[in-house]
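Observations on the three-dimensional arrangement
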Amino acid sequence: SDSNDSKDTESSSDDNNVESENKEQTIRVAVVESPMLDVVEIAKEILAEDNINVEVVEMGDYIQPNVALANEEVDANFSQHVPFMKQFNQNKDANLTEVQPIYYANFGLYAKDYASVEEFPEDASIGIANDPSNIDRTLRLLASHNLIELKEIDGEQYGLDDIKEDSHNFSFEQAGIAALTRLYEDFDGVIVNPTHAGNLDLTPADDALITEKEDNKFAITLVAREDNVDSELIQKLAEAMTSEEVREFLNSREGDASIPAF
Amino acid sequence: MPDILVEYQTEIWVSIGETFIMVGFSILAALLIGLPVGTFLFLCRKGQLLENQVVFSSLNLIVNIIRSFPFLLLVIFMIPFTRFIMGTAIGTAAATVPMTVIAIAHYSRLAEQSLLDVPKGVMEAAVSMGASSKDIIFKFLYVEARSALVLSMTTSTISFISYSTIMGVVGGGGIGDFAIRYGYLQFRTDLMIYIIIIMVIFVQLIQYAGITLARKIDKR
Amino acid sequence: MPDILVEYQTEIWVSIGETFIMVGFSILAALLIGLPVGTFLFLCRKGQLLENQVVFSSLNLIVNIIRSFPFLLLVIFMIPFTRFIMGTAIGTAAATVPMTVIAIAHYSRLAEQSLLDVPKGVMEAAVSMGASSKDIIFKFLYVEARSALVLSMTTSTISFISYSTIMGVVGGGGIGDFAIRYGYLQFRTDLMIYIIIIMVIFVQLIQYAGITLARKIDKR
Amino acid sequence: MITLNNVSKRFGSFEAIQSVSLSIKSGEIHGIIGASGAGKSTLLRMMNLIEQPDEGDVIIDGETLNHLKGKRIRQIRQSLAMIFQGYHLIGNKTVFDNVVMPLELAKTPKKGRAEKIVESLRFVGLETLKNQYPSQLSGGQKQRVAIARAIVNQPKVLLCDEPTSSLDPNTTAEVLEVLQRINQEFGVTIVIVSHEMEVIKSICERVTVMADGRVYKEIETEPTGVHKMEHSAEGFIKRLKSSGDINHA
Amino acid sequence: MITLNNVSKRFGSFEAIQSVSLSIKSGEIHGIIGASGAGKSTLLRMMNLIEQPDEGDVIIDGETLNHLKGKRIRQIRQSLAMIFQGYHLIGNKTVFDNVVMPLELAKTPKKGRAEKIVESLRFVGLETLKNQYPSQLSGGQKQRVAIARAIVNQPKVLLCDEPTSSLDPNTTAEVLEVLQRINQEFGVTIVIVSHEMEVIKSICERVTVMADGRVYKEIETEPTGVHKMEHSAEGFIKRLKSSGDINHA
Ligand SMILES: Nc1ncnc2c1ncn2[C@@H]1O[C@H](COP(=O)(O)OP(=O)(O)OP(=O)(O)O)[C@@H](O)[C@H]1O
Ligand SMILES: Nc1ncnc2c1ncn2[C@@H]1O[C@H](COP(=O)(O)OP(=O)(O)OP(=O)(O)O)[C@@H](O)[C@H]1O
Ligand SMILES: [Mg+2]
Ligand SMILES: [Mg+2]
C-alpha cells in the first residue's frame, strides 16, 4: 500500500515500508467517550509493539471528529455508526469511508416504574436524545417494535414529524443524551445507549424493555477517508481493533452493553 | 423572508418564547436577588459601611463556587434541586432554575463593581444625615450608581442569553439551542446563520436600550 | 490526597496546563486588544473625546455579534479561520483562537464600562493641559480607572475559565472539559467534585488576587 | 452641648488632631479658624463621628457618642446637619431632591416638605434652579444647595465646613444672615470652620484658633454683625473703587 | 493677547454667556468678578476652549482657536495653564505625580523636572506632602496642588478659577505673591476669577465685572499689592481682635 495517502499527517512521513518497520509511525484517531476510547486504548497498546504510535484525540461532540477527519487533521475516527457518517458526507460533501464495524451499542428503552411497554400509561413521557441522528435511531427502535408507525421519507433520517401513528400517544421530550440518565426520574421511560444506561447500573440485557435488533445498521464503526482507507496504518489499526483483546473487553461489559460486530 | 425561516417559523417563535422565559426569569432573579447579594458584597467588605468579614467571605465563596462550575455541569449538578423546586427537572420552566442561579452569581459580581465607583463623599453625606442602611442603599447608593447598574444589567442579560443556549441539555429549548440543533447538528448552515442574525439583532437591541437608558439617567 | 486524584494525577495536571494555556492567551488578548477596543468604544461614543459614530457603531456591532453567538457555535463557526491561522483546528493551541476572540469581546465591554466612571473633571484637566489622545488614555484614563479595570479583568478571567470548559469540543482539553468528561459523561461524581473543588480554588485565588490588587492601587 | 475630650486622630503616622478638648455651648455660634491643614475639617468631622477619633470622647448633650450604634446614632446625626467642604451633593438628584433628603430621612410629614424646601432654597437664592442637577450648577450654586440641604430640617446643630468659600460677598452676607437668624430664632448651635476672617468675626461669639492639630487658643469675641451690601454689580464696583488697606483685614 | 469676540454659550435654553467681548493684554493680571452664577467660570473655560462657545471667536495672539484641531490646539493649551474651581486632581497619582503632568505632556527634559516640581510645591508650601495622594489632603492643600500644577511649567497664560477659595489669608497672600512674581519676572498673563474682593484688588490691573452672563463693566484699578501677614496662629488672633468694620470691605 502507499503511504502518500494521508499526505498531511505525520503518518506520511516516509514512503518506505521497510524503513517504517523501524521508524515510529503515528496515527491520529479521534474519539469522544468510553467505551470507544477504551477500544482505541487497547489497540494502541497492541500497535505499540509494531512501533506504531496511536495518538488519541478526545473531542467533545460527535460531529467534530468527522470535521477533523475530513480536514485530514486526524487519520481516522471511532465515534459513530455508518448512517451518521453518510449523513455527514452528504451534508459536508466529504468522503469519509467505513473501515470496520466494531460493536453494537444497543439502544434500549428503560423505565423505573414499569416492567413492560404494555404497562405504560396513556400519554407516557419518553425522554429521548435531542440530536437528530439519535432521534432517528430512537424512532427506528420504537418502530421496529411496532410501538409507532413511521411515514415514508425522502432522506435518511426520521424526525419527530415523521411519526404517522402513535398508538400509545407517547409524549416525547428531548434532552442531551448524557443528561437523560440524570433525568430518569422525570420520565416514564428513557431511550439511551448502553454506556449511559450503565451509569444507572442498567444493562440492555437485564433491564431494557425493548432493545435494537442485532442486525441493525448502527454498529459503531472505525471510519477513515476514501484516500487513506486502504493504507497500511489504517488496516493495522482495524486489525488491532478487531483483536481478541478487544473482543474480550467488549464481552466483559455487563449485559450486552457492547456486542462485538466482527 | 427566506423560505427556510418561513418553513420553521413555528419552531422559531416557540424557541424565542423559551429564550424569553429563561432570560426573563434570569433578569428578575438578578434584580431581586443578585442586586442585594452584590450590594452586600460591596457593603460588607473591609472598610465599608457594614464591614463584616464573615458575611462577605460566605457570599463571595458562594458566588465563586457557582461561577467555578462549567455551566453544563452546574445544570446537571442542580438537577435534584431543580426537581425539588419545580417537580420536574426537564423543560423550559425547570431550566429557569439553574438559569436564575447563574444569573444571581453573575449579576451580583457586576453590581458589586458598579457600586464601588460611587464617590465616598456621597456615602459620607448619607451617614452624616443619619440615614439607615436601607436608606443609604436605596436613596444614595443605587441613585448614584444607577447608570452603571443598568449597563451591568445589559452585559449580564447578554450573558444570560448565552447561558440559555446550553439549556437544551435538559430540554429547556430556546433560540440558541435551536441554532445548535438545527443549524449545527443537522447541518442547516443557512438556517443557523439566520438564527444567529436574529440573535445578533436581539443583542444589539438590548445593548442599544441599555446604553440609551444608562445615558439618559446619568445626570452626574 | 484522595486515591482517585492520585490515580488521575497525570491527566489532571495536563488538563490544568491546557486551561492555563487557553486562559493565559485569553488574558493576553483581552489586555492587548480588548482593552484598546473597550477604550475606543468609550472614547468614540456620543459626547466623548473622539466622538465618532462610525467607529463606535462598527466596534459595537462586532463585539455584539461575537457575544451573540452561542459560544459552541462560535467555536464551530471559526474553524476555517482557526485552521488558517494555526494550521489546524483541533487541540489546545487551536482552541486559543476562539478563546481569544471571545476574550476580546468580553473584556472590551467591561473595560468600556470601567472607563465610564472616570470623573469628567479628570478628562477636562487632561484636555486643558493639551494632552494628546494617547496621553489622555495612558496618563489619565487608565490611571484613574485602574482599579475598576483590574476588577473587570478578574471577572473576565473567571468567565474565560468558564468558556474554556467548552473547548473540549474541538479537542482543546482543559480542566473543565475533564470534569465534563468524567463527571457528566461517565458519572464519576466523586472525581467531578474533586475537580470542581480544584476549579473553585483557582477562582477564589483569582478573585482574591483581583480584589486585593484593586484595593491596593485605588488611592482615590 | 458639644464637648470634645482629649480627642486625637492619626492618619497613618501623621497626627492630624492631637488631644484636643473643646466645648461648645448650646445656642452658640462657634468659629474654628487656622491655617490650611491645621486640622479644622478633621475636628469638625469628629463632632458627628463621620471621622472616628482614635482617642478621646465626643459628648453631645451629655451622651457619649463614640461607641453608639444603630438607631440612636442615626437619630443624633439627624439633628446634627453638616455642610461639607466638598459639598457632597447627590449627582443624580435634582436640587430639590437633594434638599428633600434630610426631611425624608427624618420621616417628616410629606405635606409640608415642598414649602420647607422652597423656603430653604429661597434663603440661598436658588428657588428658580430647583429642577437643575448639580452638574448644571456653578461652584457657588452647589455650595448653596449644600447649605439649603443642611438647614432645611432645622437641625439642633449645624456643622459648617467653609460654608461660604465659593460665594461672592453678597451671597456670603445673605447666607451668614440666614445662619444668624436660625441661630437666634430657633436656637440652633452653629460651628463654622472658615478661613475667612470676616465671616468668623461677623457672627461668631467664640472662636477656636487651631494650629498643627492642636487648639492654639480660644477667644471670646463680639460679633460685628452682618453687613449686607447692595446686591448688584454696582456694589462690586463701588467696593472695588473704595480705597484703604483692606487686605484680609 | 486673549480676545473674546461676541462669545455666547447656552446650556439648553439658558444663556449662560450672552455675547461677551473682552480683551486681555499680554502680561496683564486681569480679574473677573461677579455674583455666584454670573458666568465667570463658563467665560474662563471658553478661553482655552474647554467649553466651546456656541457663537463668537476666541482669539489668542492673533490666532482664532475655535476650530483648531489636533496638535496645534494642544500646543496652545500647553501654554495656557488652568486652575479649576473643583481642582480636578488625579486621585490615583501622588502630589508629585500630579504636578509632573504638565512637564511630561510638554516633554521637557526629564532631568530638570524634580527641581521644578519641588520649587513649585515650595511656592505653595507643600514640599513635605509630595508623596501624599489627593484623598489624604485637606481642602486647601488640594487647591495648592492645583496651583503648583498650573505654574510648574511657566505657562504663557494662567487661567485661575477661584484659586484661593479654600485658603486661609496667610496662604492666600503667599499664593498671590507667587502669582505676582511670575507675572513680573516671566511676563505670564494671568486671568483670575474670584469672589474675594481683596484678592482682586491686591493684584489685578484691570477687572471685568460680570452680571447675568454679560460684561457689566470693565475697570482699571491700581493694585494695592499683597500684604503679607504673620504666618502664625498669633496672626489670626491679632486680626480677630482688630476692630473696625472690615466686612467684605
Ligand atoms: N452644564 C450646565 N447646564 C446648565 N446650566 C449650567 C451648566 N453649567 C453652568 N450652568 C449655569 O450657567 C450659569 C453660569 O455658571 P458659571 O459656573 O459660569 O457661574 P460662576 O459665575 O462661575 O459662578 P460661581 O461663582 O458660583 O462659581 C449658572 O447659572 C449655572 O447654573
Ligand atoms: N485621609 C488622610 N490621610 C492622611 N492625611 C490626612 C488625611 N486626611 C487629612 N489628612 C491630613 O490631616 C491634616 C488636617 O487635615 P484637615 O482636612 O483637617 O485640614 P483643614 O484644617 O481642614 O485644612 P483646609 O483649610 O485646607 O481644609 C492635613 O495636613 C491633611 O494632609
Ligand atoms: Mg478643611
Ligand atoms: Mg465658578
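Per-chain numbering applies: the sequence of each chain, read as written, is numbered from 1 onward. Written order determines the labels here, with chains lettered from A and ligands numbered from 1. Given that the model is predicted, a residue must reach a pLDDT of at least 70 before its local features are reported, and side-chain atom pairs must reach 80 or more before they are shown or counted; all residues, however, enter totals for whole chains, interfaces and linings. Side-chain calculation: all heavy atoms of the structure are included, whereas hydrogens and water are not.

In the annotation of an unreviewed UniProt entry, chain B is listed under the name ABC transporter permease and assigned to Filobacillus milosensis. UniProt positions are given in the numbering used here, feature names are shortened, and annotations may be inferred rather than shown by experiment. In UniProt, chain B has this text filed under Subcellular location (unreviewed entry): "Cell membrane". The heading Sequence similarities (unreviewed entry) in the UniProt record of chain B holds the text "Belongs to the binding-protein-dependent transport system permease family."

Glancing now at the overall build of chain B. In DSSP terms, a helix is any run of H or I states spanning at least four residues, a strand is any run of E spanning at least two, and both are numbered starting from the N terminus. Helices and strands together make up the secondary structure of chain B, namely ten helices and zero strands. Seen in sequence order, chain B has helices and strands lined up from the N terminus as α-α-α-α-α-α-α-α-α-α. For the exposure calls, accessible area comes from a 1.4 Å probe over protein chains only, and a residue counts as buried if that area is under 20% of its type's maximum, exposed if over 50%, partly exposed in between. Of all 220 residues assigned to chain B, the portion counted as buried reaches 65%. Note on contacts: a residue pair is in contact if any heavy atoms of the two residues lie within 4.5 Å. Of all intrachain contacts in chain B linking residues separated by at least 6 positions in sequence, the fraction that spans at least 24 positions is 73%. Taken together, the 15 basic and 13 acidic charged side chains of chain B have centroids lying 9 Å from each other. Two residue types count as positive, namely Lys and Arg, and two as negative, namely Asp and Glu; His and chain ends fall outside the count. In this description, the location of a charge corresponds to atom NZ of lysine, CZ of arginine, CG of aspartate or CD of glutamate.

This next bit is on the UniProt feature "transmembrane region" (unreviewed entry) in chain B. Look at the UniProt record and you will see "transmembrane region" (unreviewed entry) annotated at residues 20-43, 55-79, 85-105, 148-171 and 191-214 of chain B. For residues 85-105 of chain B, the helix share is 76%, the strand share is 0%, and the end-to-end C-alpha distance is 19 Å.

For a metal bound by four donors in tetrahedral geometry, the ideal donor-metal-donor angle is 109.5 degrees, whereas six donors in octahedral geometry ideally sit at 90 or 180 degrees. Residue and element names in this part refer to chain E. At the metal site, the magnesium ion (ligand 4) is ligated by S41 (OG) and Q85 (OE1), and these contacts range over 1.9 to 2.3 Å. Of this pair, S41 sits in helix α1 (residues 40-47) while Q85 sits in the loop between β6 (80-83) and α3 (95-105); the two residues are 44 residues apart in sequence, bridging distant segments of the chain. Judged by relative accessible area, which is 18%, S41 ranks as buried. The rule for donors is simple: an N, O or S atom within 2.8 Å of the metal counts, and for Na, K and Ca the reach is 3.2 Å. Water is not among the atoms, so a site may look short of donors.

Glancing now at the interface of chain D and chain E. Tallying the contact residues gives 51 residues for chain D and 51 residues for chain E. Computed with a 1.4 Å rolling probe, the buried area is the accessible surface lost when two parts are put together, summed over both parts. Across the chain D/chain E interface, buried area totals approximately 4600 Å², and carbon plus sulfur atoms make up 64% of it. What counts as a salt bridge is simple: a side-chain nitrogen of Lys or Arg found within 4 Å of a carboxyl oxygen of Asp or Glu. Counting every contact that joins chain D to chain E gives zero salt bridges. Pairs of N or O atoms are called polar contacts if they sit within 3.5 Å, as long as, within protein, a hydrogen donor faces a hydrogen acceptor (for residues adjacent in sequence, only side-chain-to-side-chain pairs). Connecting chain D to chain E are ten residue pairs in polar contact (both at pLDDT 80 or more). The dominant element in the side of chain D that touches chain E, judged by the number of residues it contributes, is helix α8 (residues 233-241) of chain D, at seven residues.

Let's shift gears to unusual backbone geometry. The amide bond that connects A:S34 to the next residue, A:P35, takes the cis arrangement and shows omega of 0°. Within the secondary structure, A:P35 sits in the loop between β1 (25-31) and α2 (36-48). Phi is positive for E:H88, which is not a glycine, with a value near 55°. In this fold, E:H88 is placed in the loop between β6 and α3. Taking the relative accessible area as the measure of exposure, E:H88 reaches 19% and is therefore buried. For E:Q154, which is not glycine, the phi torsion reads 40° and is therefore positive. Structurally, E:Q154 is set in the loop between α5 (139-151) and β7 (157-161). Overall, E:Q154 belongs to the partly exposed group, its relative accessible area being 46%.

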